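# Structure assessment
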Amino acid sequence: MSGWLDEVYSAEGDTTRLKELYDEWAGAYDEHLTRIGYLSPSVLAAMVGQEIPRGDEAVLDAGVGTGLLGAMLHPAGYANLVGIDLSEGMLAMAEARNTYRELRRMTLGERLDFPDDHFAGAVSCGVFTGGHAPAEGFEEIVRVVRPGGHFVATITDEHLPGGSFGEKMASLEHRGGWRHVRTSERFVALPGADEDFAHLSQVYVFEITASGAANG
Ligand SMILES: C[S@@+](CC[C@H](N)C(=O)[O-])C[C@H]1O[C@@H](n2cnc3c(N)ncnc32)[C@H](O)[C@@H]1O
């Protein structure tokens, strides 16, 4: 199990490698992550409930994986969840849950195939972390979420404040693309994993403040 974590965290943002690894891991991912007490979807779901209105408006789950987050958000009243991920294997597992209205293969860090201001909000869990989606991925989130909508995402400590995530977060704030609203307490996302993976994580909430046309 640690073997899988080792592999995906050391993929260094190589999306081809990461896709292959997650395709292979997909079938066992939920069981492995449950065994080590993966906490992020629960913390994130609690914060989503405070920031993004329930209902029929589309909400993007960026890096949906097997859909652990949708399994909580859909029964809570989020009826129009749209998931994207680079791994078809993970998307197939999410599809089987029947909680996402739409699931598409897309890569964060590249242009997303959605119009400006398309979503009422966006969420992302366990994706803006070491060796996974790059900070540039934030740009497209800001473009596709409408002004006034919220982005609720885990971001791991190791890249903050001086690292690439911290820099991009600050530059988006400075440019008027989004406004930082609040941050959760720090928590250990994988409490049952080896020490090497005892990353501290936090959930960040941003309000999108400019139209996608200005952000594109
Ligand atoms: C640790 S899993 C988290 C999945 C799910 N959000 C959860 O909390 O269980 C990371 C997911 O991000 C996806 N991913 C990694 N880099 C990505 C990128 N650049 N674009 C889209 N998906 C990416 C992986 O394929 C994987 O499904």
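Up top is the structure these notes are about.
Described in the following lines is the structure provided in the data block. (Residues numbered from 1 in each chain as written. Predicted model: local features only at pLDDT ≥ 70, side-chain atom pairs only at ≥ 80, totals over all residues. Heavy atoms only, no water.)

Another point: the pattern of salt bridges. For the coordinates displayed, the defined rule picks out 18 salt bridges. Arg 101 is paired through a salt bridge with Asp 56; the nearest N and O atoms lie 3.1 Å apart. One end of the pair, Arg 101, is in the loop between α5 (88-97) and β3 (102-105); the other, Asp 56, is in the loop between α3 (40-51) and β1 (59-62), and 45 residues separate them in sequence. The pair Arg 101 / Asp 56 is uniform in exposure class, with both members exposed. Each member of the salt-bridge network shares a partner with another, and the members are Lys 19, Asp 23, Glu 88 and Arg 105. (Salt bridge = Lys/Arg side-chain N within 4 Å of Asp/Glu carboxyl O. Helix = DSSP H or I, 4+ residues; strand = E, 2+ residues; numbered from the N terminus. Buried < 20%, exposed > 50% of the residue type's maximum accessible area, 1.4 Å probe, protein only.)

What follows concerns the environment of Thr 209. The residue Thr 209 is located in the loop between β8 (200-208) and α8 (212-215) in this model. Sequence-wise, Thr 209 and Arg 179 are 30 residues apart; in three dimensions their C-alpha atoms are separated by 6.5 Å. Thr 209 has contacts with Pro 147, Gly 176, Gly 177, Trp 178 and Arg 179, leaving out every residue within four places of it along the chain. Here Gly 176 takes part through its backbone oxygen, which lies 2.8 Å from a polar atom of the side chain of Thr 209. (Contact = heavy atoms within 4.5 Å. Polar contact = N/O pair within 3.5 Å; in protein donor to acceptor, adjacent residues only side chain to side chain.)

Near the ligand there are 20 residues, and of these Tyr 29, Tyr 38, Gly 63, Asp 85 and Cys 125 occur at the shortest range. In this structure, an oxygen atom belonging to the ligand sits 2.7 Å away from a side-chain N or O atom of Tyr 29. One of the backbone nitrogen or oxygen atoms of Gly 63 is found 2.8 Å away from a nitrogen atom of the ligand. Coverage of the ligand by the protein amounts to 97% of the 590 Å² it exposes when considered alone. (Near = heavy atom within 4 Å. Areas by Shrake-Rupley, 256 points an atom, 1.4 Å probe, with all protein chains shown as cover.)

On to the packing of aromatic side chains, then. In this structure the tally under the stated criterion is 14 aromatic pairs. On the numbers, 6.2 Å between centres and 65° between planes, the contact of Phe 138 with Phe 151 is edge-to-face. Highlighted residues: Phe 138 in helix α6 (residues 137-144) and Phe 151 in strand β5 (residues 145-156), separated in sequence by 13 residues. Here Phe 138 falls in the buried class, since its relative accessible area comes to 0%. For Phe 151, a relative accessible area of 0% puts it in the buried group. (Phe/Tyr/Trp six-rings, centres within 6.5 Å; stacked < 30°, edge-to-face > 60°.)

It is the rolling of a water-molecule-sized probe over the atoms that shows where space remains empty. Applying the stated criterion to the full structure yields 1 cavity of 30 Å³ or more. Roughly 580 Å³ of internal volume is contained in the largest cavity. Lining the largest cavity are 42 residues, and of these Tyr 22, Cys 125, Gly 126, Val 127 and His 132 lie nearest its centre. At the level of elements, α1 (2-9), α2 (15-35), α3, α4 (68-73), β2 (81-85), β4 (119-128) and β5 are the ones that each hand at least two residues to the lining of the largest cavity. For the lining of the largest cavity, the element with the highest residue contribution is α2, accounting for 6 residues. Across the lining of the largest cavity, the residue classes break down as 25 nonpolar, 15 polar and 2 charged. (1 Å grid on protein atoms, 1.4 Å probe; cavity = no way out; pocket = protein on both sides within 12 Å on 5 of 7 lines; lining within 4 Å. Points joined across faces, edges and corners; volume = space filled by probe spheres on them. Nonpolar A, V, L, I, M, F, W, Y, C, P; charged D, E, K, R; others polar.)

Let's shift gears to the packing of α6 against helix α7 (residues 164-175). Their axes nearest at 10 Å, the elements α6 and α7 cross at an angle of 35°. Considering how the two elements wind past one another, α6 and α7 form a crossing that is right-handed. Within the contact between the two elements, α6 uses Phe 138, Glu 139 and Val 142 and α7 uses Phe 165, Lys 168, Met 169, Leu 172 and Arg 175. Across the contact of α6 with α7, the residue classes tally to 5 nonpolar, no polar and 3 charged. (Axes fitted to C-alpha atoms, helices over the stretch in contact; angles between N-to-C directions. Left-handed = near helix turned anticlockwise from the far one by under 90°.)

Moving on: the packing of α2 against α5. Two numbers describe how α2 lies on α5: the axes approach to 6 Å, and their chain directions differ by 35°. Across the interface between the two elements, Lys 19, Tyr 22, Asp 23, Ala 26, Gly 27, Tyr 29 and Asp 30 of α2 pack against Glu 88, Gly 89, Met 90, Met 93 and Arg 97 of α5. For the contact of α2 with α5, the per-class residue count stands at 5 nonpolar, 2 polar and 5 charged.

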